[in-house]
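The lines below spell out each chain.
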Amino acid sequence: MKLIILAAGTGSRLKPLTINRPKCLLPLGETTIIEKIINQFKKYGVTKVTIVTGHCAHKIKSIYDKKHKILYYSKYKKFNNFDTLWSVRKELTEDSIITFSDLIIEDRIIKKLLNSKYKATVTIDTSGLRKDTMFISHKKNLLKSIAVTTKKDATGNFIGIFLIRKIITKTFLNHMSSLLKNSKSDYYVKVLNSMIQNNIKINTIDIKGKYWREVDTVKEYKLAQKENKLF
């Protein structure tokens, strides 16, 4: 199992905290956001880590170059994480977890995700709709739509973690390739809608009742600093 952390973004909504560092390196207690993520996955046996950098890449590289694989995405100011993930597609050679780098989550979420037997698993929360987080629509444990989902049709939020098994990786990348020309500025999960439209099952696991927070703003970061003490 491999962990792929998408950490190329500029963190513009967290300025001035992110002017001279990527938001994943913001302090969180005695550690940082990204270090907490890595340590949590290592606790459950995920030892292969690839970090995709962009903004202030040298700062991540100086810390993790000897520990994990670091790949630089040079177009981070221009495109979104669809193209970021496409640029490191050769990393998808085994069962992989793709995660945003700005997540605060509790261990139970990781344990539940790693126990998933599905070919493709989107981690969702149906406890309530968070307006600044990506909406999803699902039925039972099957994803119906993501990213393009309206609030009216939404049944929950995508929390930013996706598990893809090796057996379906080629299909996933083929759909990415077909969408690439018009999707570089989109989120990579757009490809899941294409797969669903072609009758490929994308499953969900619901982490309702478990703690998670995506850190996009200074307000969210301050809340995360306080809440982190609980987990």
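Residues numbered from 1 in each chain as written. Predicted model: local features only at pLDDT ≥ 70, side-chain atom pairs only at ≥ 80, totals over all residues. Heavy atoms only, no water.

This next bit is on the nonpolar core. Formed by 73 residues in total, the largest nonpolar core has its most connected members in Ile51, Phe172, Tyr188 and Leu192. Here Tyr188 is in contact with Leu6, Asn81, Phe82, Leu85, Ile98, Phe100, Phe158, Phe162 and Phe172, once residues within four sequence places are set aside. (Core = buried A, V, L, I, M, F, W, Y, C linked by side-chain atoms within 4.5 Å. Buried < 20%, exposed > 50% of the residue type's maximum accessible area, 1.4 Å probe, protein only. Contact = heavy atoms within 4.5 Å.)

Before going further, it helps to spend a moment on the packing of aromatic side chains. Counted by the stated rule, this structure contains four aromatic pairs. Judged by centre distance (5.9 Å) and plane angle (80°), the rings of Phe100 and Phe158 are edge-to-face. Taken as a pair, Phe100 in strand S6 (residues 96-100) and Phe158 in strand S11 (residues 156-164) lie far apart in primary sequence, 58 residues in all. A relative accessible area of 10% places Phe100 in the buried class. Consider the rings of Phe162 and Phe172, whose centres lie 5.8 Å apart with planes at 35°: the pair is tilted. Separated by 10 residues along the polypeptide, Phe162 in strand S11 and Phe172 in helix H5 (residues 166-179) bring together distant segments of the chain. Judged by relative accessible area, Phe162 falls into the buried class, the value being 0%. With a relative accessible area of 0%, Phe172 lands in the buried category. Chaining the aromatic ring pairs together yields one cluster made of Phe100, Phe158 and Tyr187. Its end group placed over the ring of Trp212, Arg130 keeps NZ or CZ at 3.9 Å from the ring centre. (Phe/Tyr/Trp six-rings, centres within 6.5 Å; stacked < 30°, edge-to-face > 60°. Helix = DSSP H or I, 4+ residues; strand = E, 2+ residues; numbered from the N terminus. Lys NZ or Arg CZ within 6 Å of the ring centre and 35° of its normal.)

Functional significance is not addressed by these values, which are geometric in nature.
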